[in-house]
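Architecture at a glance
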Amino acid sequence: MFMRMRRKRNLDARIEKCGELLVHDPAQYKGRWRELFGMAGELHLEIGCGKGDFVLESARRYPDVMFVAVERYRNVLLLAMEKVQAAGVNNVLFLDVDAATLGDVFGADEVDRIYLNFSDPWPPKKRHKRRLTHENFLRVYDDFLKPGGEVWQKTDNQGLFEFSLVSFSRFGYTFREVSLDLHATDFDNIMTEYERGFVEQGLKIYRLVARKPKQSE
Ligand code: SAH
């Protein structure tokens, strides 16, 4: 018990040191994220950012894009925030919330792109509702993804990939990219922590880009 409390206090102290990188009560910024960043331009959301390699490298490469990275486990989120803080990039903010709540956080058409990198596959059928590409989640994202906006997904898991293809397709999204072996293409890929591990094991990486139709389509 004592150890656990000390660990928790440690975690809180380290999170505190990351200052304003972690957004508290994010619902207050609904519809006003560009104001909060003090930037204009595209807003990209990564759901399940893990230890943050992907969002950090993305933010470095695309300094005009605003990135919001979501991770529900604070002990993991902390590592991502510390990396971003050490790198001194100023176009990333973090949320410690569950993806299911994001409808309260972003306003209509506020998000240009969503990244889902190596989301938990939740294999048993009775757990499919937890998959971040389940229709229930697509409905949440659809409320804030702008028309013509995209979801970029990568996974090593064939079951999740097939499920996602069906789910997006039924939802009326179209595919701009589908790759069954991302690393065999010339795509300018940004690796995640999980991806590095899977590639080392010789696993193939699947990738899709699903596009939300414009009103006129
Ligand atoms: N994207 C990272 C981590 C992949 S593991 C990488 O590729 O290396 C999937 C991550 O998503 C985990 O850290 C998990 O905590 C997070 N996650 C899963 N479901 C989530 C949800 N509903 N809301 C927020 N984060 C979630």
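Note: the structure precedes this text.
Residues numbered from 1 in each chain as written. Predicted model: local features only at pLDDT ≥ 70, side-chain atom pairs only at ≥ 80, totals over all residues. Heavy atoms only, no water.

1. Observations concerning the overall build of the chain
The helix and strand tally for the chain stands at seven helices and seven strands. Along the chain, helices and strands appear, N-terminal first, in the series α-α-β-α-β-α-β-β-α-β-α-β-α-β. By the compact-globule yardstick of 17 Å for 217 residues, the chain fits well, its C-alpha radius of gyration being 17 Å. C-alpha atoms of the chain, sized along the principal axes, occupy 50 × 40 × 35 Å. Buried positions account for 46% of the 217 residues belonging to the chain. (Helix = DSSP H or I, 4+ residues; strand = E, 2+ residues; numbered from the N terminus. Rg over C-alpha atoms; globule rule 2.2 N^0.38 Å. Buried < 20%, exposed > 50% of the residue type's maximum accessible area, 1.4 Å probe, protein only.)

2. Things to note about the sheet that holds strand S3 (residues 92–95)
Ordered by their spatial adjacency, seven strands build an open sheet running S3-S2-S1-S4-S5-S7-S6, and the pairing between neighbours is mixed. One side of each edge strand has no neighbouring strand; the edge strands of this open sheet are S3 and strand S6 (174–179). Averaged over all adjacent pairs, the angle separating strand axes in this sheet is 15°, with direction ignored. In this structure, strand S4 (residues 111–117) lies alongside strand S5 (residues 145–155), joined through six bridges in parallel fashion. Within the sheet, the bridge partner assigned to Arg113 lies in S5 and is Glu150. (Pairing = 2+ DSSP bridges. Axes fitted to C-alpha atoms, helices over the stretch in contact; angles between N-to-C directions.)

3. Description of the nonpolar core
Core analysis: the largest hydrophobic core is formed by 34 residues, its most contacted members being Trp33, Leu45, Leu95, Leu102, Phe106, Ile114 and Tyr141. Broken down by element, this core gets its largest block of residues, four residues, from helix H5 (residues 135–142). Dropping the residues within four chain positions of it, Tyr141 is found in contact with Ile47, Ile114, Leu116 and Leu132. One finds Leu21, Leu78, Tyr115 and Val209 within the second-largest nonpolar core, a separate group that totals 25 residues. (Core = buried A, V, L, I, M, F, W, Y, C linked by side-chain atoms within 4.5 Å. Contact = heavy atoms within 4.5 Å.)

4. Thoughts on the layout of surface pockets
Reported here for the largest pocket is a volume of approximately 680 Å³. Every residue lining the largest pocket is counted, 32 residues in all, and those nearest its centre are Gly48, Glu71, Phe118, Ser119 and Asp120. Looking at the lining of the largest pocket, the elements that each hand over two or more residues are strand S1 (43–47) and helix H7 (193–200). Looking at the lining of the largest pocket, its residues break down into 15 nonpolar, seven polar and 10 charged. Computed from the structure, the second largest pocket encloses a volume of approximately 250 Å³. The wall of the second largest pocket is formed by 18 residues, among which Tyr62, Arg113, Tyr115, Trp152 and Phe187 lie closest to the centre. The class makeup of the residues in the lining of the second largest pocket is eight nonpolar, five polar and five charged. (1 Å grid on protein atoms, 1.4 Å probe; cavity = no way out; pocket = protein on both sides within 12 Å on 5 of 7 lines; lining within 4 Å. Points joined across faces, edges and corners; volume = space filled by probe spheres on them. Nonpolar A, V, L, I, M, F, W, Y, C, P; charged D, E, K, R; others polar.)

5. Side note on the side chain of Glu150
Of note, Glu150 is situated in strand S5. Setting aside residues up to four positions removed in sequence, Glu150 forms contacts with Asp112, Arg113, Ile114, Leu145, Arg176, Val209, Ala210 and Arg211.

6. Digging into the packing of helix H3 (residues 53–61) against helix H4 (residues 74–87)
It is at 9 Å that the axes of H3 and H4 come closest, and there the two elements cross at 25°. By the angle class used here, H3 and H4 are roughly parallel. Two packed elements cross with a definite hand, and for H3 against H4 that hand is right-handed. Only Lys83, Val84 and Ala87 of H4 make contact with H3, whose side of the interface consists of Asp53, Leu56 and Arg60. Its residues assigned to classes, the contact of H3 with H4 comprises three nonpolar, no polar and three charged. (Parallel < 35°, antiparallel > 145°, perpendicular 65-115°, else oblique. Left-handed = near helix turned anticlockwise from the far one by under 90°.)

7. A word on the pattern of salt bridges
In total, this model carries 19 salt bridges according to the counting rule given. The partner of Asp98 in a salt bridge is Arg72, with the nearest N and O atoms 3.0 Å apart. With Asp98 in the loop between S3 and S4 and Arg72 in the loop between strand S2 (66–70) and H4, this residue pair connects regions lying 26 residues apart in the sequence. The class of Arg72 is partly exposed, set by a relative accessible area of 42%. Of the charged contacts in the structure, one is a salt bridge between Arg176 and Glu177, with a shortest N-O distance of 3.8 Å. Relative accessible area serves as the criterion here: at 42%, Arg176 is assigned to the partly exposed category. With a relative accessible area of 34%, Glu177 lands in the partly exposed category. Taken together, the shared-partner salt bridges in this structure form one network comprising Lys8, Asp12, Arg74 and Asp96. (Salt bridge = Lys/Arg side-chain N within 4 Å of Asp/Glu carboxyl O.)

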